[in-house]
Amino acid sequence: QKEVEQDPGPLSVPEGAIVSLNCTYSNSAFQYFMWYRQYSRKGPELLMYTYSSGNKEDGRFTAQVDKSSKYISLFIRDSQPSDSATYLCAISQGAQKLVFGQGTRLTINP
Amino acid sequence: DTGVSQNPRHKITKRGQNVTFRCDPISEHNRLYWYRQTLGQGPEFLTYFQNEAQLEKSRLLSDRFSAERPKGSFSTLEIQRTEQGDSAMYLCASSSAFRTGKGYEQYFGPGTRLTVT
């Protein structure tokens, strides 16, 4: 079993829709939860991070962590074509290595 | 404010050749990480440094791979006797070892795409 599971998609939604991206993890020692956006042939770009359970909002993006279920989510409101990318969840115990999900490929259709 | 830089951006080499990649982290960051990413997969951890000390190596880092970070500044990743299976994007990231009020975020460079023919 992988430490972090993420549905690879692809996911295709119309412009303006609310997008929900999800990951599950198995190690309860993980405390830091991040979402990265990666455009084709580019390095990952940090979008959001959260620590422990709860929600965090930044503009059109909301990150949610439920440690009791070992489940994390990223919501994108009012999705735009420029949001089309691969979204990666990443989890760590602190300053050590990140463990990534497989990534979900998202397309926003105009 | 310069981010993480990596050179070269692309490298094509023949099987059996040695290659070396360079990473320059964000200047105030003392931790530096190397990851490898293959098509359709998330990045996989290879190794990381705090200052000049290499603190952890993944089992993915075979004896053909070596990483250094002299003087705790830039880092190099060398692959000896390359194989076709080494073809991947090699990503470098950096972070601060101490919480900055935001957490232990890692910031990635643009990557070096290696193709072994």
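Residue indices follow the written sequence of each chain, beginning from 1 at its first position. All chains are assigned letters beginning with A, and all ligands numbers beginning with 1, in the order in which they are written. Given that the model is predicted, a residue must reach a pLDDT of at least 70 before its local features are reported, and side-chain atom pairs must reach 80 or more before they are shown or counted; all residues, however, enter totals for whole chains, interfaces and linings. The side-chain values count all of the structure's non-hydrogen atoms but skip hydrogen atoms and water molecules.

Help me understand the overall build of chain A, please; the structure alone is not making it clear to me.
Along its length, chain A carries zero helices and 11 strands. When its helices and strands are written in sequence order, chain A yields β-β-β-β-β-β-β-β-β-β-β. The reference for a compact globule is 2.2 Å times residues^0.38; the radius of gyration itself is calculated from the C-alpha atoms. In terms of C-alpha radius of gyration, chain A reaches 13 Å, essentially the compact-globule figure of 13 Å for 110 residues. Overall size of chain A, expressed as C-alpha extent along the three principal axes, is 40 × 25 × 25 Å. For chain A, long-range pairs separated by at least 24 residues make up 54% of all intrachain contacts whose partners lie at least 6 apart in sequence. Only the protein chains shown count as cover for residues, and all accessible areas are computed by the Shrake-Rupley method using a 1.4 Å probe. Carbon together with sulfur atoms contributes 45% to the accessible area of chain A, which is approximately 5100 Å² in total. A residue counts as positive if it is Lys or Arg and as negative if it is Asp or Glu; His and the chain ends are not included. Taken as the charge location is NZ of Lys, CZ of Arg, CG of Asp or CD of Glu. Mean positive and mean negative side-chain charge positions of chain A (11 and 10 charges, respectively) differ by 7 Å. For helices the rule is a DSSP run of H or I covering at least 4 residues; for strands it is a run of E covering at least 2, with both sets numbered from the N terminus onward. Between two residues, a contact is recorded if the distance between any of their heavy atoms is within 4.5 Å.

Explanation requested: the pairing of strand S3 (residues 19-24) of chain B in the structure shown.
Residues in a regular strand project their side chains so that they alternate between the two faces of the sheet. Residue and element names in this part refer to chain B. Exposure classes here rest on a 1.4 Å probe applied to the protein chains alone. A residue is buried below 20% of its type maximum, exposed above 50%, and partly exposed in between. Taking every second residue as pointing to the same face, the buried face of S3 carries Val19, Phe21 and Cys23, while none of Thr20, Arg22 and Asp24 on the other face is buried. By the convention used here, strands pair only if DSSP detects at least 2 bridges between them. Note that strand S1 (residues 5-7) and S3 share three bridges and pair antiparallel. Residue pairing across strands places Ser5 opposite Asp24, the latter belonging to S3. As defined by bridge partners, S3 adjoins strand S8 (residues 75-79) across five bridges and the pair is classed as antiparallel. For Arg22, the partnering residue across the bridge sits in S8 and is Thr76.

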